[in-house]
Amino acid sequence: MTGNADPRHAGEGTTSRARLDRGRGALGPALELVHTGRAPTRAVLTAELGVTRATAGAVAAELEALGLIRVDARPGAAAGSQGRPSHRLALADEGPVVLAAQVHADGFRAALVGLGGRIVATTPSCEAVDADPAKVLGAAVDAGADLLRRTGRHCVGAGLAVPSAVTEPEGLALNPLHLAWPAGAPVREVFAERVRAAGVSGPAFAANDVNLAALAEHRHGAGRGARDLLCVATGHRGVGGALVLDGRLHTGSSGLALEVGHLTVNPEGRPCHCGSRGCLDVEADPLALLTAAGRDPGPEGSLLQQANELIREEYADPTVRTAVETLVDRLGLGLAGLVNILNPDRIILGGLHRTLLDADSERLHAVVADRGLWGRNDGVPILGCSLDHNSLVGAAELAWQPVLDDPLRALAGGTGNTGAAAGR
């Protein structure tokens, strides 16, 4: 902890030092509480940490000295509160950031993300993805490094989201089916190398994009407060899933859990890249909607953008409505099976699936409820993801995790070079 005791107040300094020493172990939990919006005041922080007011005050002061949070100088009562006024806590406006990058079938994007999931700056989406992962990741990191130079912000790490299962602990993109990348591409290693070459500070991480979307939504969005959260999403191509169990991202024994895109929902359906037929991956993604509606994917814009615009602008067309109903039924079948297996307390849908939910929520709920065990599936809330660029925000969460675990150690540069997905 920082600071030196004043020799004129040796006894007081000793007491303060003891409080700081006891509070060091609470720095990470305290920062996570503020980061996720669960401790808006010092009084709440005290209660959540289970420490004395003096220790909570020392912890908050130390996080402020590290440039991570801001503590109001004078206590104030929350609106409608009858309790004792307390110092408000907020994240530092000009605090450090992390570099986040996302690659998808129709391009890539880089951003700078602060604590609290706040996107500080972002690049325009690049609409070309090279078949060489090193070129794509290098371009994404260079774009992020340019943002750092232009904003002058201090960077403490980097995170990458890719549309593929990413093995643990190796960091290999096992099935980048829609990127034309070789199976098993060492994306974490390549990303970390590019981050170092660009002079970006901090460790580098990589993980599956839907896993990261779920992590971001659980901490900052529609999944906040859920204990067992199921996320299913279709982005630009294919379908992915993720599960947060008791507040922790569940990735399985080697990072490959929740490959929900390969659930069979139409045994006589389209051939899938995995070798099976009628998988959710090819029956409920943007290309499937456009095909079902008799629309040829145009050369302009991403498949996701085209599919979303088709629903929003031409839903009155009977052909489009029928296509939506078909995809809703397929998605509902998949969700019902997952609910029967996983028993989540909340489902969130992203990408095109969020648009399908908005278009015909009643039908989707009915399909899930009709195929549930013991008549309980109709009680599971199904919500749309609420964060813009949630996979980018999730990639940032990977890079923030060492700081959340131990702010002093991370900001002193002792976290190492690369790491696996944090998943907490």
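All of the points below concern the structure found in this document. Residue numbers restart at each chain and count upward from 1, following the sequence in its written direction. Totals for whole chains, interfaces and linings use all residues, but because this is a predicted model, local features are given only for residues with pLDDT of at least 70 and pairs of side-chain atoms are given and counted only at 80 or more. Excluding hydrogens and water, the side-chain values take into account all heavy atoms of the structure.

### Concerning the overall build of the protein
- The helix count covers DSSP runs of H or I at least four residues long, the strand count covers runs of E at least two residues long, and both are numbered beginning at the N terminus. What the protein contains, in helices and strands, is 15 helices and 12 strands.
- Looking at the 424 residues of the protein, the share that counts as buried comes to 52%.
- Pairs at least 24 apart in sequence give 63% of the contacts found in the protein among residues at least 6 apart.
- Computed by Shrake-Rupley with a 1.4 Å probe, the accessible areas treat only the displayed protein chains as cover when residues are assessed. Here the protein has roughly 18300 Å² of accessible surface; of this, 48% comes from carbon and sulfur atoms. Classification of residues uses two cut-offs on accessible area relative to the type maximum, computed with a 1.4 Å probe and protein chains only: under 20% is buried, over 50% is exposed, and between them is partly exposed. Should any heavy atoms of two residues lie within 4.5 Å, those residues are counted as being in contact.

### Things to note about the pairing of strand E9 (residues 240-245)
- For E9, a buried count of five out of six residues is recorded, marking the element as mostly surrounded by other parts of the structure.
- Pairing between strands requires that DSSP locate at least two bridges from one strand to the other. As judged from the six bridges shared by strand E8 (residues 228-234) and E9, these two strands associate in the antiparallel manner. In the sheet register, Leu-229 faces E9, and the bridge partner there is Val-244.
- As consecutive antiparallel partners, E8 and E9 are separated by five residues, and within that stretch Gly-238 has a phi angle of approximately 75°, a positive value.
- Where E9 and strand E10 (residues 248-250) come together, three bridges link them in antiparallel fashion. Its bridge partner being in E10, Val-244 is matched across the sheet by Leu-249.
- Joining the antiparallel neighbours E9 and E10 is a turn of two residues, in which Asp-246 adopts a positive phi near 50°.

### Looking at the sheet that holds strand E3 (residues 97-104)
- The strand order across the open sheet formed by five strands is E5-E4-E3-E6-E7, and the pairing between neighbours is mixed. The outermost strands of the open sheet, each flanked by one partner alone, are strand E5 (119-122) and strand E7 (204-208). Ignoring strand direction, the axes of neighbouring strands in this sheet form an average angle of 25°.
- In this sheet, strand E6 (residues 155-162) lies alongside E3 in parallel orientation, the contact comprising five bridges. Of the residues in E6, the one forming a bridge with Leu-99 is Ala-158.
- Interaxial angle, 0 to 180 degrees, is taken between N-to-C directions of lines fitted to C-alpha atoms, where a helix line uses only the stretch in contact. Its contacts with the sheet place helix H5 (residues 133-151) against E3, strand E4 (107-113), E5 and E6, and it is angled at close to 30° to E4.
- Across the sheet, helix H14 (residues 390-405) is in contact with E3, E4, E5, E6 and E7; its angle to E3 comes to roughly 140°.

### A few points about helix H3 (residues 42-49)
- Within H3, the full set of buried residues consists of Leu-45, Thr-46 and Leu-49. All buried residues of H3 lie within an arc of 100° about the axis, which places them on one face of the element. Exposed residues on H3 whose side chains face more than 90 degrees from its buried face are Ala-47 and Glu-48.
- Residues of H3 that are buried in the fold lie against helix H2 (27-35), helix H4 (53-65) and strand E2 (89-91).
- Gly-50 occupies a position one or two residues after H3 and carries a positive phi of about 70°. In this description, the arc belongs to the directions extending from the helix axis to the C-beta atoms.

### Quick word on the nonpolar core
- Buried Ala, Val, Leu, Ile, Met, Phe, Trp, Tyr and Cys residues form a nonpolar core when they are joined through side-chain atoms within 4.5 Å. By size, the foremost hydrophobic cluster in this structure holds 38 residues, and its most contacted members are Val-232, Leu-289, Leu-349 and Leu-364.
- Where this core is concerned, the elements lending two or more residues are E8, helix H9 (286-292), helix H10 (303-314), helix H11 (318-342), strand E11 (346-351), helix H12 (352-359) and helix H13 (361-370).
- Top element by residues in this core is H11. It accounts for nine residues.
- For Leu-349, the contacting residues outside a window of four places in its chain are Val-232, Leu-331, Leu-335, Arg-354, Leu-357, Leu-364, Ile-382, Leu-383, Gly-384 and Cys-385.
- Leu-33, Val-59, Ala-161 and Ala-399 belong to the second-largest nonpolar core, a separate cluster that totals 37 residues.

### Describing the sheet that holds E9
- Read across the open sheet, the five strands follow the order E10-E9-E8-E11-E12; overall the sheet is mixed. The two strands at the open ends of the sheet, each matched to only one other strand, are E10 and strand E12 (382-384). Taken over all neighbouring pairs, the strand axes of this sheet differ in orientation by 25° on average, direction set aside.
- Contacts from H11 reach E8, E9 and E11 within the one sheet, and its direction differs from that of E8 by about 155°.

### Re the pairing of E8
- With seven of seven residues buried, E8 is to be regarded as a mostly interior element.
- Across the two faces of E8 the burial is the same, with Asp-228, Leu-230, Val-232 and Thr-234 and Leu-229, Cys-231 and Ala-233 all buried.
- With six bridges joining them, E8 and E11 adopt parallel strand pairing. When the bridges of E11 are listed, Leu-230 appears paired with Ile-347.

### Some words on the environment of Leu-33
- Along the chain, Leu-33 falls in helix H2.
- Given a relative accessible area of 6%, Leu-33 falls into the buried group.
- For the pair Leu-33 and Gly-116, spaced 83 residues apart in sequence, the C-alpha separation works out to 9.9 Å.

### Here's the deal with the pattern of salt bridges
- The salt bridge definition used is simple: a Lys or Arg side-chain nitrogen within 4 Å of an Asp or Glu carboxyl oxygen. Enumeration according to the criterion identifies 15 salt bridges in this entry.
- Between Arg-150 and Asp-146 there is a salt bridge; the shortest N-O distance is 2.9 Å. Of this pair, Arg-150 and Asp-146 both sit in helix H5, four residues apart, which is roughly one turn of that helix.
- Judged by its relative accessible area of 29%, Asp-146 is partly exposed.
- With a closest N to O distance of 3.6 Å, Asp-285 and Arg-237 form a salt bridge. In this pair, Asp-285 is assigned in the loop between helix H8 (280-283) and H9 and Arg-237 in the loop between E8 and E9, connecting sequence segments 48 residues apart.
- Look at the salt bridges and you will find they share partners, linking Asp-146, Arg-149 and Arg-150 into a network.

### A few points about H5
- Each residue after the first adds 1.5 Å to the expected span of a helix. The first and last C-alpha atoms of H5 sit 27 Å apart over 19 residues, in line with the 27 Å expected at 1.5 Å per residue.
- Among the residues of H5, Pro-133, Ala-134, Val-136, Leu-137, Gly-138, Ala-140, Val-141, Gly-144, Ala-145, Leu-147 and Leu-148 are the ones counted as buried.
- Residues of H5 that are buried sit in contact with E3, E4, E5, E6 and helix H6 (187-197).
- For H5, the N-terminal capping position is held by Asp-132, with its side-chain oxygen 3.0 Å away from the main-chain nitrogen of Ala-134. Polar contact is defined as a pair of N or O atoms within 3.5 Å, subject to the rule that within protein one atom must be able to donate a hydrogen and the other to accept it, and that residues adjacent in sequence are counted only when both atoms are side-chain atoms.

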